[in-house]
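# Results of the structural survey
One letter stands for each residue in the lines below.
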Amino acid sequence: MSLHCLVYTSLSRQKLSDDNIKYFLQLIRHKNEIEQVTGMLVYLDPFFIQVLEGEETTVNRLFDIIKNDPRHYKVSLIYKKPIAERHFSNWTMGFSKISYKDIEMLDGFSDFLQKPSIEFFNRSPNEVDELLYKFKHEILF
Ligand SMILES: Cc1cc2nc3c(=O)[nH]c(=O)nc-3n(C[C@H](O)[C@H](O)[C@H](O)COP(=O)(O)O)c2cc1C
């Protein structure tokens, strides 16, 4: 048993309403419960940032499926690492929708705010963690 955490970012193909997201979360939470996957999905239109936690083989398999999902593109891995314990154990997939205004208060995001890009997330794993752990306390639904 080897617990791993994988974080990736991607771009949504379409603007998602709260209803779209609620429906989508219902489906993935059910699957994650069966697979014992926990984590969090952040939607900063049009970016997704997702943390997946679980058994290494399960997380790898799920990421392969997610990578090929036509609902998003430019899926890119930020990091994958072993963890001693889950950080999102309460959520089969917590969700937080955040705005650009929300991240103004975080350090290290000025480049991103001037020119939002997926490349920023790829080269800034520490900032991504900061964002995830800040909004972990503001899970929406
Ligand atoms: C941004 C994003 C995040 C996703 N997260 C998960 C997830 O945490 N768990 C999951 O099972 N599927 C997730 N999916 C959906 C998978 O890509 C895939 O559609 C689903 O697992 C297939 O389920 P099915 O084979 O039962 O139809 C996600 C898709 C997207 C676009």
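In this report, we go over the structure that sits alongside the text. (Residues numbered from 1 in each chain as written. Predicted model: local features only at pLDDT ≥ 70, side-chain atom pairs only at ≥ 80, totals over all residues. Heavy atoms only, no water.)

### A look at the packing of aromatic side chains
Selection criterion: Pairing of aromatic rings covers Phe, Tyr and Trp, the last counted by its six-membered ring, and requires centre-to-centre distances within 6.5 Å; plane angles under 30 degrees mean stacked, over 60 mean edge-to-face, and any other angle means tilted. Burial classification: accessible surface area is computed with a 1.4 Å probe over protein chains only, and a residue below 20% of its type maximum counts as buried, one above 50% as exposed, and the rest as partly exposed. In this scheme, Lys NZ or Arg CZ marks a charge over a ring once it lies within 6 Å of the ring centre and within 35 degrees of the ring normal.
In this structure the tally under the stated criterion is 12 aromatic pairs. For the pair F109 and F112, a centre-to-centre distance of 6.3 Å together with 90° between the ring planes defines the contact as edge-to-face. Each member of the pair, F109 as well as F112, is classed as buried. A network of ring pairs unites the aromatic residues F47, Y100, F109, F112, F120 and F121 as a single cluster. Taking NZ or CZ as reference, K81 lies 4.5 Å from the ring centre of Y79, over its face.

### A look at the layout of surface pockets
What counts is decided by this rule: Using a grid of 1 Å spacing that covers the protein atoms alone, one calls a set of points a cavity when a 1.4 Å probe fits there but cannot get out, and a pocket when the set is open and has protein on both sides within 12 Å along at least five of seven lines; lining residues are those with an atom within 4 Å of a point. Grid points are joined across faces, edges and corners, and a volume is the space filled by probe spheres set on the points. Secondary structure elements follow DSSP: runs of H or I no shorter than four residues count as helices, runs of E no shorter than two count as strands, and numbering proceeds from the N terminus. The residue classification treats Ala, Val, Leu, Ile, Met, Phe, Trp, Tyr, Cys and Pro as nonpolar and Asp, Glu, Lys and Arg as charged. All others, Gly included, are polar.
Reported here for the largest pocket is a volume of approximately 600 Å³. Secondary structure elements with two or more residues in the lining of the largest pocket: β1 (3-12), α1 (18-35), β3 (47-55) and α2 (56-67). Ranked by residue count, the leading element in the lining of the largest pocket is α1, at nine residues. Along the lines of polarity and charge, the residues of the lining of the largest pocket split into 13 nonpolar, seven polar and five charged.

### Some remarks on the pattern of salt bridges
Operational definition: For salt bridges, the criterion is a side-chain nitrogen of Lys or Arg within 4 Å of an Asp or Glu carboxyl oxygen.
Tallying each qualifying case throughout the model produces eight salt bridges. Taking the shortest distance from any N to any O, the salt bridge between K15 and D45 comes out at 2.3 Å. Here K15, found in the loop between β1 and α1, pairs with D45, found in the loop between β2 (38-44) and β3; they are 30 residues apart in sequence, far enough to count as distant. With a closest N to O distance of 3.2 Å, D18 and K97 form a salt bridge. Here the residue D18 occupies a position in helix α1, and K97 occupies one in strand β5 (residues 94-97), the gap between them amounting to 79 residues.

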